[in-house]
Amino acid sequence: RGVYVDQLERWLEFFPAEQIHIVQAERLYENTDQTMQEVAEFLGLRPYFPQELAEFKSTFRGSEHKKNPLHETCNMEVIREFYEPYNEMLYSLLEKNWPEIAATWNPW
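All values reported here derive from a predicted model rather than from experimental measurement. (Residues numbered from 1 in each chain as written. Predicted model: local features only at pLDDT ≥ 70, side-chain atom pairs only at ≥ 80, totals over all residues. Heavy atoms only, no water.)

Caption draft 1: Fine view of the packing of aromatic side chains. This model, assessed by the stated rule, comprises 2 aromatic pairs. Taken together, a centroid distance of 4.9 Å and an interplanar angle of 85 degrees make the contact between phenylalanine 82 and tyrosine 83 edge-to-face. For tyrosine 83, a relative accessible area of 19% gives the class buried. An angle of 45 degrees between the planes, with centres 5.6 Å apart, marks the rings of phenylalanine 82 and tyrosine 86 as tilted. Of the two residues, phenylalanine 82 and tyrosine 86 both sit in helix H5 (residues 76-97), 4 residues apart, roughly one turn of that helix. Among the residues examined, tyrosine 86 registers a relative accessible area of 27% and is labelled partly exposed. Here the aromatic cluster, defined as three or more aromatic residues joined through ring pairs, consists of Phe82, Tyr83 and Tyr86. (Phe/Tyr/Trp six-rings, centres within 6.5 Å; stacked < 30°, edge-to-face > 60°. Buried < 20%, exposed > 50% of the residue type's maximum accessible area, 1.4 Å probe, protein only. Helix = DSSP H or I, 4+ residues; strand = E, 2+ residues; numbered from the N terminus.)

As structure tokens, then:
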């Protein structure tokens, strides 16, 4: 979990980049309405109605890992060091295939 570059590389073996839509979870948490509308547009679906977005937001909890008491005991520096090479590879892959996503990517 958390090493996304391997998954994206595998998907790119079978699908062109134009058929893959990347959504950073933090962006979905922060701007749910706009992000969901962008996903609908990418999929060729009609825009979501306001009541559909409200229903989604009422059930969507996003990430709760920071609320877990174990989060306080994590050595974030060790975790950052572990993920750093994978995140660098991910960013390179994004720059090559999805430059518009890479331009707005929020590194962890």
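Back to the text.
Caption draft 2: Examining a nonpolar patch on the surface more closely. Together, Trp11, Phe14 and Phe15 make up a nonpolar patch on the protein surface, roughly 370 Å² of accessible area in all. Tracing the backbone through its elements, the reader meets phenylalanine 14 in helix H1 (residues 4-14). For phenylalanine 14, a relative accessible area of 62% corresponds to the exposed category. (Patch = residues over 30% accessible without salt bridge, like charges linked within 9 Å, V, L, I, M, F, W, Y side chains within 5 Å. Areas by Shrake-Rupley, 256 points an atom, 1.4 Å probe, with all protein chains shown as cover. Salt bridge = Lys/Arg side-chain N within 4 Å of Asp/Glu carboxyl O.)

Caption draft 3: The arrangement of helix H3 (residues 32-43) in detail. Given a rise of 1.5 Å per residue, 12 residues ought to cover 16 Å, and the 16 Å separating the end C-alpha atoms of H3 matches this to within 8%. Among the residues of H3, those classed as buried are Thr32, Thr35, Met36 and Ala40. The buried residues of H3 all sit within an arc of 140 degrees when viewed along its axis, so they share a single face. Those residues of H3 hidden inside the fold are in contact with helix H2 (25-30) and helix H4 (50-59). Backbone geometry just after H3 places glycine 44 at a positive phi near 75 degrees. (Expected span 1.5 Å × (residues − 1). Arc of directions from axis to C-beta. Contact = heavy atoms within 4.5 Å.)

Caption draft 4: Structural detail: the packing of H3 against H4. With their axes 10 Å apart at the nearest point, H3 and H4 run at an angle of 115 degrees to one another. Once H3 is placed against H4, the crossing between them reads as right-handed. Of H4, the residues touching H3 (which contributes Thr32, Asp33, Met36 and Gln37) are Leu53, Phe56 and Lys57. Partitioned by chemical class, the residues of the contact of H3 with H4 number 3 nonpolar, 2 polar and 2 charged. (Axes fitted to C-alpha atoms, helices over the stretch in contact; angles between N-to-C directions. Left-handed = near helix turned anticlockwise from the far one by under 90°. Nonpolar A, V, L, I, M, F, W, Y, C, P; charged D, E, K, R; others polar.)

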